[in-house]
Amino acid sequence: MTAPAGSRTAPRTAEVVICGAGIAGVAAAYHLTVRRGIRDVVIVDERPPLTLTSDKSAECYRNWWPGPGDAMVALMNRSIDLLEEIARESDNAIRLNRRGYLFATAEPERVPRLLQAARDAAEHGAGALRIHSGARDDYQPAAAGGFEGAPTGVDAIVEPALVRRHFPYLAADTVAVVHARRCGWFSGQQLGMWLLERAREKGARLVEGRLERVDTSGGRVRGVTVSGRDGALSISTPRFVNAAGPFLGRVGRLLDVELPVFSERHAKASFNDDLGAMPRSAPLVIWTDAVRLPWSAEERAELAGSPEHRHLLDELPAGVHGRPEGPLDSPVVLLIWTYDAAPTEPVFPIQVDDAYPEILVRGMSRPIPAFAGYFSRLPRCAVDGGYYTKTRENRLLSGPLPVEGAYVIGALSGYGMMSSNGAADLLADHIAGRPLPRYAPAFGLDRYADPAYLDLLDRWGDSGQL
Ligand SMILES: Cc1cc2nc3c(=O)[nH]c(=O)nc-3n(C[C@H](O)[C@H](O)[C@H](O)COP(=O)(O)OP(=O)(O)OC[C@H]3O[C@@H](n4cnc5c(N)ncnc54)[C@H](O)[C@@H]3O)c2cc1C
């Protein structure tokens, strides 16, 4: 039961109030109630749980992350450990698999960089690197379902003939693939609902309404004000968690705290792959080369005359990716490609270029040529998306804010489903006053007060965004 703000059943006090019932907020509620025994938790949201960004994700996960340092891999390994625990406890209600991420290239000069990224990931704790070059083919393909006993680490196949043997559906000029193994996908909605239900069983309550005010008189959190359809509600509480997703900055300002976050619009498309272009047991396929979309001479002439779409004749950035969605007998595929990630104000509903599905299908025909079968007749696509709300270096925030009793869990960017348990576990340690994991400082807001960190930011390099 969700209590509307202002109704008779709405709570008036709480040990912790969380603003936001996206994956960040429900994971925080779960870790506080179920795993730390802090029962009196209220989650406030003006929307039904998990409906703003957390139901728009591609639901993938990976422990493949760049440095500097190993904090990102360590946090993600912890998050994946927790996902696996939940999968075991729930009889895999979250449908966690470990099919892996397959990074592919047709550019020989890119191979050393891919191998270096694989070495770095291995060094940061993603697991051992195995290089396969032909003489001995001991590459182990991924199982379609489940995760127990599946390899971790990274397999690099650097012999084109071997690539073709294992991935015959990839473009014939693919020269190498890197298969990151402790990666795959799961049902984000199942995960979110499972976390929320367990939290509610242990005492968490949901209040429907907009969190409008945080009372910080005397320099510490004292309560919040929520407005809803039945009026306003004041909840007195000593602790407040900002888990407001794309509105993280706005809610931060209620505490007079400026959070260093911004948002980018990202969308995905899914459709019935009736031509069977994507094998049903494929991993997530990511093309690491820039792509020039294939157009006929007539289409080129038409695009050249369109100021809105002329850029589609240019080279588009690397990173088109896709995967099969649903059970093995489902025809659905899911494609994503963010070729334009300029920072923007989050506005809902999000606007997506009408040409996006066509761009995706044409882009995906580079790694998987069978997608060209759709050029003459585009399939009917479902398009949705939301915002990656992120920090400059694409590392999330989880920890205390400079107002006593206030915390943040957010800036989960394009990896919030996979990292939610790790981030919430860390937040719960902060709130419960438990010893913190080694990687905690990498995700605290106070990292930006460290001159050495600011210096590092200027030399950061790869942010790990796909
Ligand atoms: C296209 C796309 C693909 C993605 N793919 C992946 C992927 O493959 N793997 C992955 O791990 N992640 C992925 N992500 C990222 C992931 O979806 C997000 O990181 C995650 O959903 C963010 O969760 P959140 O709880 O922070 O935000 P949200 O889910 O947006 O939740 C925030 C909640 O706060 C509420 N709120 C805000 N302000 C207030 C207020 N004042 N009062 C009351 N309520 C308020 C909102 O109503 C909302 O419900 C993807 C995202 C997109 C857009």
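Predicted, not measured: the structure shown is a model, and the values here were computed from it.

About the cut-offs
Residues numbered from 1 in each chain as written. Predicted model: local features only at pLDDT ≥ 70, side-chain atom pairs only at ≥ 80, totals over all residues. Heavy atoms only, no water. Helix = DSSP H or I, 4+ residues; strand = E, 2+ residues; numbered from the N terminus. Rg over C-alpha atoms; globule rule 2.2 N^0.38 Å. Buried < 20%, exposed > 50% of the residue type's maximum accessible area, 1.4 Å probe, protein only. Contact = heavy atoms within 4.5 Å. Areas by Shrake-Rupley, 256 points an atom, 1.4 Å probe, with all protein chains shown as cover. Core = buried A, V, L, I, M, F, W, Y, C linked by side-chain atoms within 4.5 Å. Near = heavy atom within 4 Å. Polar contact = N/O pair within 3.5 Å; in protein donor to acceptor, adjacent residues only side chain to side chain. Nonpolar A, V, L, I, M, F, W, Y, C, P; charged D, E, K, R; others polar. Pairing = 2+ DSSP bridges. Axes fitted to C-alpha atoms, helices over the stretch in contact; angles between N-to-C directions. Parallel < 35°, antiparallel > 145°, perpendicular 65-115°, else oblique. Salt bridge = Lys/Arg side-chain N within 4 Å of Asp/Glu carboxyl O. pLDDT = per-residue confidence, 0-100.

## A word on the overall build of the protein chain
A count of helices and strands for the protein chain gives 10 helices and 24 strands. In terms of C-alpha radius of gyration, the protein chain reaches 23 Å, essentially the compact-globule figure of 23 Å for 466 residues. Dimensions along the principal axes, computed over C-alpha positions, put the protein chain at roughly 65 × 50 × 45 Å. Classification of the 466 residues of the protein chain by burial places 56% in the buried group. Sequence separation of at least 24 residues holds for 76% of the intrachain contacts in the protein chain that already meet a minimum separation of 6. Surface summary for the protein chain: the accessible area is close to 19,100 Å², and the carbon and sulfur share equals 50%.

## Concerning the nonpolar core
Counting 120 residues, the largest nonpolar core has I18, Y101, L170, L195, W337, F371 and F443 as its most contacted members. Tallying contributions element by element places helix α2 (residues 71–89) first for this core, with 10 residues. Apart from the residues within four sequence positions on either side, W337 is in contact with A267, V291, L293, L316, P317, A318, G319, V320, Y356, I359, L360 and G363.

## Some thoughts on the site of the ligand
Around the ligand, the surrounding shell holds 38 residues, and the nearest of these are D45, R47, T53, S54 and S413. At 3.2 Å, a backbone N or O of G414 approaches a nitrogen atom of the ligand. Summarising the interface, the protein chains cover 97% of the accessible area of the ligand, which totals 1,000 Å² for the free molecule. Elements supplying a minimum of two residues to the shell around the ligand: α1 (23–36), β3 (41–45), β11 (210–215), β22 (382–391) and α9 (416–432). Of the residues that constitute the shell around the ligand, the class distribution is 20 nonpolar, 12 polar and 6 charged.

## Quick notes on the environment of N394
Locating N394 in the fold gives a position in the loop between β22 and β23 (397–400). Between the alpha carbons of N394 and D462 there is a distance of 9.4 Å; along the sequence they are 68 residues apart. Of the polar contacts made by the side chain of N394, one reaches the side chain of S413; its length is 2.6 Å.

## Re the sheet that holds strand β13 (residues 231–236)
Taken together, 3 strands build an open sheet; the order of strands is β11-β12-β13 and the sheet is antiparallel. With partners counted over all chains shown, the strands left at the sheet margins are β11 and β13, one partner each. Put simply, the sheet's adjacent strands are angled 20 degrees from each other on average, direction ignored. Sheet topology note: the β11/strand β12 (residues 223–228) ladder contains 5 bridges and is antiparallel.

## Things to note about the side chain of S330
You can see S330 is positioned in the loop between β19 (321–324) and β20 (332–336). Judged by its relative accessible area of 11%, S330 falls in the buried class. For S330, the side chain forms a polar contact with the main-chain oxygen of E325, separated by 2.9 Å. The contacts of S330, once residues within four sequence positions are left out, are R280 and E325.

## Some words on the sheet that holds strand β10 (residues 205–208)
Within the open sheet, the 7 strands sit side by side as β1-β10-β3-β2-β14-β24-β23. Their pairing is mixed. Looking at the sheet topology across the chains shown, the edges are occupied by β1 (2–4) and β23. Geometrically, the sheet is characterised by an average inter-axis angle of 25 degrees between neighbouring strands, direction not taken into account. For β3 and β10, the ladder comprises 4 bridges, and the chain directions are parallel. Looking across to β10, one finds that I43 is bridged to L206. Each of β2 (16–19), β3 and β24 (406–410) is contacted by α1, which is oriented at about 160 degrees to β2, the strand it contacts most.

## Observations regarding the environment of E208
You can see E208 is positioned in strand β10. In sequence terms E208 and V224 are 16 residues apart; their C-alpha atoms lie 13 Å from each other. Residues within four places of E208 in sequence aside, it is in contact with T2, A3, P4, A5, D45, G228 and R229. Of the polar contacts made by the side chain of E208, one reaches the side chain of R229; its length is 3.4 Å.

## Considerations on the packing of α2 against helix α5 (residues 188–201)
Where α2 meets α5, the closest approach of the two axes is 12 Å, and the angle between their N-to-C directions is 80 degrees. With respect to their mutual orientation, α2 and α5 come out roughly perpendicular. Across the interface between the two elements, L83, I86 and E89 of α2 pack against L191, W194 and L195 of α5. Residues of the contact of α2 with α5, tallied by class, amount to 5 nonpolar, no polar and 1 charged.

## Overview of the pattern of salt bridges
Scanning the model with the defined rule gives 33 salt bridges in all. Taking the shortest distance from any N to any O, the salt bridge between R110 and E107 comes out at 3.0 Å. Here R198 makes a salt bridge to E201, at a shortest N to O gap of 2.8 Å. Taken together, the positions of R198 and E201, both in helix α5 and 3 residues apart, correspond to about one turn of that helix. For R198, a relative accessible area of 18% translates into the label buried. Overall, the relative accessible area of 57% leaves E201 in the exposed class.

## Side note on the confidence of the model for the protein chain
Any region with low pLDDT has predicted coordinates that should not be read closely. Across the protein chain, the average pLDDT comes to 96, with 100% of residues at or above 70. Taken element by element, the predicted model of the protein chain shows its lowest mean pLDDT in β1 (84) and its highest in strand β14 (residues 240–242) (99).

## Focus: the pairing of strand β5 (residues 101–105)
A large share of β5 lies buried, amounting to 5 of its 5 residues. Side chains of β5 alternate between two faces, with Y101, F103 and T105 and L102 and A104 buried alike. Relative to strand β8 (residues 176–180), β5 runs antiparallel, the two sharing 5 bridges. Within β8, the residue paired with L102 across the bridge is H179. Sheet analysis places β5 next to strand β16 (residues 284–287), joined by 4 bridges and oriented parallel. The partner of L102 across the bridge, within β16, is V285.

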